Amino acid sequence: MKTQPMRMFYLLTFNLFIVGGLMSCSSLGKSTFNGINLGNVTDISNIKSPNNQGTVYLQGQVINIVPLSEPWQAYQMRDSSGTIWAITSQKGLKITDKLLIKGNLRYQSIPVVTEELGDFYVEEQERIEHTPASQL
């Protein structure tokens with residue numbers, strides 16, 4: 001009969017270790033980089049809703065670059081959820097570079113007859129991390 005209470009004790013202890021281990025893993029996705037909580041990085045698909053403006057952190061890969069009037073350029077960034085255009089005055093971007101940026105989310109309205117063809121874009125405030133394509 002003494003083996004039954006010991007067996008219960010070991011099962012309870014094992015379950016507590018499993019639950020504790022699983023709970024501690026929940027914070028793994030929220031690491032930091034240069035003081036930025038990467039849990040604050042927004043998926044692009046989550047920012048494309050009406051009246052959603054303000055500061056956002058985005059992480060992704062540059063898939064398109066368009067020069068504008070000096071010193072400005074626009075680039076399209078992609079993450080696993082979608083794409084968005086960003087404008088910047090910083091130089092040095094190449095297609096397939098990876099970025100982590102802080103920016104102001106904006107919406108440009110383009111009304112055409114009875115349709116709204118506008119879209120969101122980001123004004124880059126800070127390039128927190130830049131990994132050139134040559135280093136990937």
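Coordinates for the structure precede this section.
In this text the structure is predicted, and so the values were computed from the model without any measurement.

Q: Account for the packing of aromatic side chains, with residues named and values stated.
A: Inspection of every chain in the model, using the stated rule, returns one aromatic pair. Where tyrosine 107 meets phenylalanine 120, the ring centres are 5.0 Å apart and the plane angle is 65 degrees; that geometry is what we call edge-to-face. Residue tyrosine 107 is located in strand S6 (residues 98-108), and its partner phenylalanine 120 is located in strand S9 (residues 119-131); the two are separated by 13 residues in the primary sequence. Given a relative accessible area of 32%, tyrosine 107 falls into the partly exposed group.

Q: Pulling in residues and values, what's your account of a nonpolar patch on the surface?
A: Among the surface-exposed residues, Ile110, Val112, Val113 and Leu117 lie close enough to one another that they form a single nonpolar patch of about 390 Å² accessible area. On the secondary structure map, valine 112 appears in strand S7 (residues 111-112). By relative accessible area, valine 112 is classed as partly exposed at 37%.

Criteria and thresholds
Residues numbered from 1 in each chain as written. Predicted model: local features only at pLDDT ≥ 70, side-chain atom pairs only at ≥ 80, totals over all residues. Heavy atoms only, no water. Phe/Tyr/Trp six-rings, centres within 6.5 Å; stacked < 30°, edge-to-face > 60°. Helix = DSSP H or I, 4+ residues; strand = E, 2+ residues; numbered from the N terminus. Buried < 20%, exposed > 50% of the residue type's maximum accessible area, 1.4 Å probe, protein only. Patch = residues over 30% accessible without salt bridge, like charges linked within 9 Å, V, L, I, M, F, W, Y side chains within 5 Å. Areas by Shrake-Rupley, 256 points an atom, 1.4 Å probe, with all protein chains shown as cover. Salt bridge = Lys/Arg side-chain N within 4 Å of Asp/Glu carboxyl O.

Worth remembering: the numbers are spatial, not functional.
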